[in-house]
Amino acid sequence: MAESTLSAGILTNIFFQIVQSPLNIALVGIIVFLVYNIFKSRNNNTPVRPPVPELPKLKKRDFTVEELKKYDGTQEDGRVLVAVNGNVYDVTRGKRFYGPGGPYAAFGGRDASRGLATFNVTAAGEGYDDLSDLSTMEMDSVREWESQFKEKYEFVGRLLKPGEQPTNYSDEEDEPPTGTSDKPKDE
Ligand code: HEM
C-alpha cells in the first residue's frame with residue numbers, strides 16, 4: 001500500500017515538473033505525435049492500389065500510330081490502348097502494367113509487337129512498324145502474345161498502315177480480324 005502511494009507521488013511529481021515548462025509540454029506533444037504516427041503506419045502497411053477506373057466501352061474504330069499514342073494513360077480518362085499484331089486492345093484494366101509508371105508503360109499507346117517478340121520492354125519505335133524483319137519464331141511469339149491479349153482485353157480496332165483507310169465497324173463486328181500482319185505466315 002505504502003509502495004503504491006510512493007509511486008503515485010513520484011508520477012504526480014513528474015507530471016507537475018513537465019506541465020510547469022512549456023518546452024516540456026512541446027516535447028511531450030512531439031513524442032505523442034511520433035508514437036501515434038508509428039502505430040498508424042504499422043496498421044496501414046497493406047499497399048492500397050488505386051482502383052482502375054471503369055470506363056465505358058470504346059466504340060470500335062481503327063487507329064493510326066499517331067492516334068494511338070494519345071492513349072498511354074496520361075489523358076484525363078486514363079484509358080490505355082496497346083496494339084499487338086496489327087490489332088488494338090483496350091488494356092485499361094491492366095493499367096498497372098501499361099499505364100504511367102508501370103513496368104510495361106513503354107507499350108501504352110503503342111504497337112507492342114516488336115517489344116513482346118524481342119523481350120524488350122522499351123522497344124516501341126515512333127513510326128509505323130511493319131515488323132517485316134522479325135523472324136518466323138518472333139512472329140509466332142507476337143501471335144501468342146496477341147492471343148493472351150484477346151483473352152484478357154477488349155478488341156477495339158486495327159492499327160492502320162500509313163495511308164490505309166479505317167474500317168467502318170457495324171455494332172455486331174466484335175472479333176479482331178485474323179492475319180492482319182504484313183508478315184506472310186510460313187506454314
Ligand atoms: C525480369 C523480367 C520480368 C519479370 C520478373 C516479369 C514479371 C511479370 C509478372 C509477375 C507478370 C504477371 C503480373 C500479374 O498478372 O499480376 C507479368 C506480366 C506480363 N509481362 Fe512480365 N516480367 C518480366 C519481363 C517481361 C518482358 C521482357 C516482357 C515483354 C517484353 C514482359 C511482358 C509482360 C506482359 C505483356 C505481361 C502481361 C500483363 C497483362 O496481364 O496485361 N515481361 N510479368
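- The name given to the protein chain in an unreviewed UniProt entry is Cytochrome b5 heme-binding domain-containing protein, with the source organism recorded as Phyllotreta striolata.
- Comment text from UniProt for the protein chain, heading Sequence similarities (unreviewed entry), reads "Belongs to the cytochrome b5 family. MAPR subfamily."

### Some details on the site of the ligand
- All residues adjacent to the ligand are Val 91, Gly 94, Phe 97, Tyr 104, Gly 115, Leu 116, Phe 119, Asn 120, Val 121 and Lys 152.
- Broken down by class, the residue content of the shell around the ligand amounts to six nonpolar, three polar and one charged.

### So, the nonpolar core
- By size, the foremost hydrophobic cluster in this structure holds 26 residues, and its most contacted members are Leu 81, Val 82, Val 84, Val 88 and Tyr 89.
- Secondary structure elements with two or more residues in this core: strand S1 (81-84), strand S2 (87-90), helix H5 (113-117) and helix H6 (136-152).
- A total of four residues in this core trace back to one element, the largest contributor, which is S1.
- The contacts of Val 82, once residues within four sequence positions are left out, are Tyr 89, Val 91, Tyr 98, Phe 107, Gly 108, Arg 110 and Ala 112.

### A few points about the environment of Lys 150
- If you trace the backbone, Lys 150 turns up in helix H6.
- Take Lys 150: there are 16 C-beta atoms within 10 Å of it, and that puts it in the partly exposed class.
- Separated by 63 residues in the primary sequence, Lys 150 and Asn 87 place their C-alpha atoms 9.4 Å from one another.

### Points about H6
- Relative to the 24 Å expected for 17 residues at 1.5 Å per residue, H6 spans 25 Å between its end C-alpha atoms, a close match to the ideal helical length.
- Regarding H6, the residues found buried are Met 139, Val 142, Glu 146 and Phe 149. Buried residues of H6, viewed axially, fall in a sector of 70 degrees; they line one side. In H6, those exposed residues whose orientation departs by more than 90 degrees from the buried face are Thr 136, Met 137, Glu 144, Ser 147, Gln 148, Glu 151 and Lys 152.
- Where H6 is buried, its residues touch S1, S2 and H5.

Conventions adopted
- Each chain has its residues counted from 1, following the order in which its sequence is written.
- Reporting in this predicted model follows two pLDDT cut-offs: at least 70 for local features of residues, and 80 or more for side-chain atom pairs to be given and counted; totals over whole chains, interfaces and linings ignore these cut-offs and use all residues.
- UniProt positions are given in the numbering used here, feature names are shortened, and annotations may be inferred rather than shown by experiment.
- Nearness rests on one distance test: the residue's C-beta atom, set from the backbone, must lie within 6 Å of the molecule or strand.
- When residues are sorted by character, Ala, Val, Leu, Ile, Met, Phe, Trp, Tyr, Cys and Pro go into the nonpolar class, Asp, Glu, Lys and Arg into the charged class, and all the rest, Gly among them, into the polar class.
- Note on definitions: a nonpolar core is a set of buried residues drawn from Ala, Val, Leu, Ile, Met, Phe, Trp, Tyr and Cys, linked by C-beta atoms within 7 Å.
- With C-beta atoms placed from the backbone, a residue is buried if 20 or more other C-beta atoms are within 10 Å of its own, exposed if 12 or fewer are, and partly exposed between those counts.
- Put simply, DSSP H or I for four residues or longer makes a helix, DSSP E for two residues or longer makes a strand, and each gets a number counted from the N terminus.
- Placing a C-beta atom from the backbone of each residue, one calls two residues in contact when those atoms lie within 7 Å.
- A helix's residues, less one, multiplied by 1.5 Å, set its expected span.
- In this description, the arc belongs to the directions extending from the helix axis to the C-beta atoms.

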